[in-house]
Amino acid sequence: MSVSVVEITDPQTGKTFFANLATGECSWELPPNARLQPRDPSGVEWWELFDEKHKLPYYYNTSTKQTEWVRPTYGTIIPSSAIGKRLSMTFSGTPVVPTPSSRLDPGSTSSVHNSNGSINNQQRQGGPSTPSRDMGSYNEVGIPTPPKENKGMAGGFGSATGLSASVRELNIGTPPKEPAMGQPLKGGLSTPNLAAAQNARNNGVSGPVMNPDAAQAMNPLNRNNLQATQAMSLPALQSLRKLPTELQMDINQFRIDGFAKKYFGEQRRGIFRRKVPIEKMLVFQKDSLKTPLMQLRPEVQKDALKCFKALQKIMNHKHDLVTHFPEIQYILERGIRVGGLRDEIFVQLCKQLSQNPNSESEFRGWQFMDIVCCTFPPSKNFEYYLKSFIQQHFGSGGPGSKFDTVVRHASSALNRTCKTGPRGRTMTNAEIDQALQAPFRNSVFGDSLEEIMERQVKVSPGLELPRILLFLSEAILGLNGAKAEGIFRVPGDAESVSELRCRIDKDEYNITVSRVNPNVPSSLLKLWLRELSDPLIPAEYYESCIQVGKDSSNAGAELYLPALQLVNSLPEINRKVVHYMIQFLKIIAEPQNQPFTKMNVSNLAMVFAPNFLRCPSDNPATIFENTKFEQAFLRILIVGGK
């Protein structure tokens, strides 16, 4: 079988030899049955050498006599194994490399490289001389064995030590000089930290090496970095954090398609019942569905088909949306009560919003998407895909347009609902109407405390607490809620709570005493706390609060000060609201009120702990385990400081 070799010119002698780049074998003459590869069009040859100091390969240009650290991208590269054998031939002074079948003749010429650099050839007696390499002797079957190490040169095929020593003896291609620290090498590389490099040379690969200078240089708060970024415009800064739009859309579409392939059911159409491709299942259609889009339990499949029919009516722009409130309530009620239908409802919405030929119908669909996102979340499997789908439509109709406003509000509602969970009941007509207006009107429900206070300071600059908090707490006490049985445990009338919420969102802070019992404002107060976009006690303080609750079993009374210190370390508005709520709950929990309310400190802590603290974990076991510690933390705050 023929082998492929290349012709190489020796830069020291100017002679030509032949090398097999695959095995590294070299010979002065073209081996039998060898096929000569044509030279590289550039005519450049590189020798791969090894730097013993840095334990790194480098490359020697035989034409220019220059060396490079970076592996060249052009020319012919001779591997280090071939160079080692070429050097061995040079030291031995023998021009032929024996084939594996060759036997070392007793009368062969052996060579020894003396310490002074000279080469002594000793002719053994007994027959004609047979050329050989100074790479060691051959055993009985003709396989070369490594030679013993001599002074000045260590033998071995491509040995790093022997090759490096040989290179120094022949003065071929000394390694490139080390550039200054941080100066880039050719090819875009940079020099390593010298201390780290020395440590790697001495000890091999080790753990991370501390480099305070590099850390400071990469710190985003570094003054030089801040000055560089502050000089950039906002669009330029945003472009640094975003993928190209087309690439991001392709990635998002890939994610949606991946979810569809895993969870979608089979759809067939036509008289031949041909299978519908997944990409067509996610596109708007006028006809009704014959089977659900997703794989559902048999008992809920009919509900899924009814939901799609209701959705088609809702998105029919020829009729006023108010006439379709019953269909909206039907879908919301099914999604709240049957968790397995939620993803099906969201997928149906995504389908009807994809390539919808009518812009008015599409806008109606996004309005309903916003309402659904306010009502219940998708499953964890579909959550990421749904968020990506909604984000793809940011800027639809132009930034700041009515269309874009609704889409972004739906995204915010989805993020909030994924944290807080589904609503407990279906929206009333008044709440649906309020939800349709919510994207275009600020609400005190569902926003953060900071956003609420930023808007409030323009209207009531003298108030240090949210107006809704003061209004509802005073209404509870004014309606004798401190002595109402089951206060905060018994829910208020749903329609009355909804009506009061809508009036507050319209800045109508008034209440009709004759028509309202204290359970209505108490239910709305819990709802307001629960729907804050960020928990009253921020997530970064959660574990510290839980630890205080865990310690309460051993030293309850002594933990009030640590709990109070935690509260005092909260952001200003959070701290003020927590202090106000604790003082308010102390009034409800007073011993003279408990015979009427049947609500002691433990009961109040049980009701309000989820409104103060939100477990950041998605693990049900962790949430359940931490519930008792959340209640213990709040109980410490209510009891302490009296």
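Rules used throughout
- Residues numbered from 1 in each chain as written.
- Predicted model: local features only at pLDDT ≥ 70, side-chain atom pairs only at ≥ 80, totals over all residues.
- Heavy atoms only, no water.
- Phe/Tyr/Trp six-rings, centres within 6.5 Å; stacked < 30°, edge-to-face > 60°.
- Helix = DSSP H or I, 4+ residues; strand = E, 2+ residues; numbered from the N terminus.
- Buried < 20%, exposed > 50% of the residue type's maximum accessible area, 1.4 Å probe, protein only.
- Lys NZ or Arg CZ within 6 Å of the ring centre and 35° of its normal.
- Disulfide = S-S within 2.5 Å.
- Pairing = 2+ DSSP bridges.
- Expected span 1.5 Å × (residues − 1).
- Contact = heavy atoms within 4.5 Å.
- pLDDT = per-residue confidence, 0-100.

Novice: Describe the packing of aromatic side chains, naming the residues involved and giving the relevant values.
Specialist: Inspection of every chain in the model, using the stated rule, returns nine aromatic pairs. Taking the centre distance of 6.0 Å and the plane angle of 20° together, the rings of W366 and F389 count as stacked. Of this pair, W366 sits in helix α12 (residues 359–375) while F389 sits in helix α13 (residues 380–392), placing them 23 residues apart in sequence. Assigned by exposure class, W366 and F389 land together as buried. Three or more aromatic residues joined by ring pairs form one cluster here, namely F488, F584 and F608. We note R408 situated over the ring of F394; from NZ or CZ to the ring centre the distance is 4.4 Å. Positioned over the ring face of F445 is R501, at 4.5 Å from the centre of the ring.

Novice: Please provide a residue-by-residue account of the state of the cysteines, values included.
Specialist: For the coordinates displayed, the defined rule picks out zero disulfides. No disulfide involves C350; its nearest neighbouring cysteine sulfur is the one of C373, lying 8.8 Å away. The thiol of C373 is not disulfide-bonded; the next cysteine sulfur, from C374, is found 7.1 Å away.

Novice: An account of the sheet that holds strand β5 (residues 45–51) is needed here, citing residue identities and associated values.
Specialist: Taken in spatial order, the four strands of this open sheet run β7-β6-β5-β8, and their pairing is mixed. In this open sheet, the two edge strands, each paired with only one partner strand, are β7 (67–68) and β8 (76–78). As paired strands, β5 and strand β6 (residues 56–61) are joined by six bridges and run antiparallel to one another. Looking at the pairing, W47 lines up with Y60 of β6.

Novice: Which residues make up the pairing of strand β2 (residues 16–19), and what values do they have?
Specialist: Relative to β2, strand β1 (residues 3–9) is paired through four bridges, and the arrangement is antiparallel. Residue pairing across strands places V6 opposite A19, the latter belonging to β2. As defined by bridge partners, β2 adjoins strand β3 (residues 26–27) across two bridges and the pair is classed as antiparallel. Within β3, the residue paired with A19 across the bridge is C26.

Novice: Talk me through helix α18 (residues 494–505); I want residue IDs and the actual numbers.
Specialist: Residues lying three or four places apart along an α-helix face the same way, a consequence of the helix completing one turn every 3.6 residues. In this model α18 runs 17 Å from its N-terminal to its C-terminal C-alpha over twelve residues, within 8% of the 16 Å that 1.5 Å per residue would give. Within α18, burial applies to V497, S498, L500, R501, C502, R503, I504 and D505. Close packing links the buried residues of α18 with α15 (429–437), α17 (467–478) and α19 (519–530). At the exit of α18 stands D507, carrying a positive phi of roughly 65°.

Novice: Help me get a handle on the environment of V497, residues and values and all.
Specialist: Checked against the element boundaries, V497 lands in helix α18. Ignoring anything within four residues of it in the chain, the contact list for V497 reads G492, V520, S523 and L524.

Novice: How would you sum up the sheet that holds β3? Please name residues and give values.
Specialist: With mixed pairing, four strands are arranged side by side in an open sheet as β3-β2-β1-β4. Strands at the two margins of the open sheet, each flanked by one partner only, are β3 and β4 (34–36).

Novice: Describe the confidence of the model for the protein chain, naming the residues involved and giving the relevant values.
Specialist: Mean pLDDT over the protein chain: 75, with 66% of residues reaching 70 or higher. Here residues 87–171 is modelled with pLDDT under 50, and outside its nearest four sequence neighbours on either side it reaches 145 contacts, counting other chains as well. Counted against residues more than four places away or in other chains, residues 179–193, with its pLDDT under 50, gives 21 contacts.

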